[in-house]
Amino acid sequence: MTKISDLKAKTDDQLATELGELKREQFNLRFQAATNQLEKPSRIREVRRDIARIKTLQTERSRSDAK
């Protein structure tokens, strides 16, 4: 699980890259769950929440830039 303080230290490009990696991982986890090969079901929840954290941070940054 990624901490918000770690994410705030990253640049916008780094956040976008990490978001892409997490979405790819989420896609793979979904397939593993569908084929009953998932070793750690809790990882799906962690990835989903990490994606939400990054998107929230991106939205905050875009709103602060707009002001």
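This text follows the structure it describes.
Since this is a predicted model, take the numbers as computed values, not measurements.

Of all hydrophobic cores here, the largest spans nine residues; its members are Leu-7, Leu-15, Leu-19, Leu-22, Leu-29, Val-47, Ile-51, Ile-54 and Leu-57. Of all the secondary-structure elements, those providing two or more residues to this core are helix H2 (12–34) and helix H3 (42–66). Ignoring anything within four residues of it in the chain, the contact list for Leu-22 reads Val-47, Asp-50, Ile-51 and Ile-54.

The subject of this paragraph is the packing of aromatic side chains. The geometry of an aromatic ring pair is captured by two quantities: the separation of the ring centres and the angle between the planes. Throughout the structure, instances matching the rule amount to one aromatic pair. Here the aromatic rings of Phe-27 and Phe-31 are separated by 4.8 Å at their centres, their planes lie at 55°, and the arrangement is tilted. With Phe-27 and Phe-31 both in helix H2 and four residues apart, this pair spans about one turn of that helix. Look at Phe-27 and you get partly exposed, because its relative accessible area is 41%.

Cut-offs applied
Residues numbered from 1 in each chain as written. Predicted model: local features only at pLDDT ≥ 70, side-chain atom pairs only at ≥ 80, totals over all residues. Heavy atoms only, no water. Core = buried A, V, L, I, M, F, W, Y, C linked by side-chain atoms within 4.5 Å. Buried < 20%, exposed > 50% of the residue type's maximum accessible area, 1.4 Å probe, protein only. Helix = DSSP H or I, 4+ residues; strand = E, 2+ residues; numbered from the N terminus. Contact = heavy atoms within 4.5 Å. Phe/Tyr/Trp six-rings, centres within 6.5 Å; stacked < 30°, edge-to-face > 60°.

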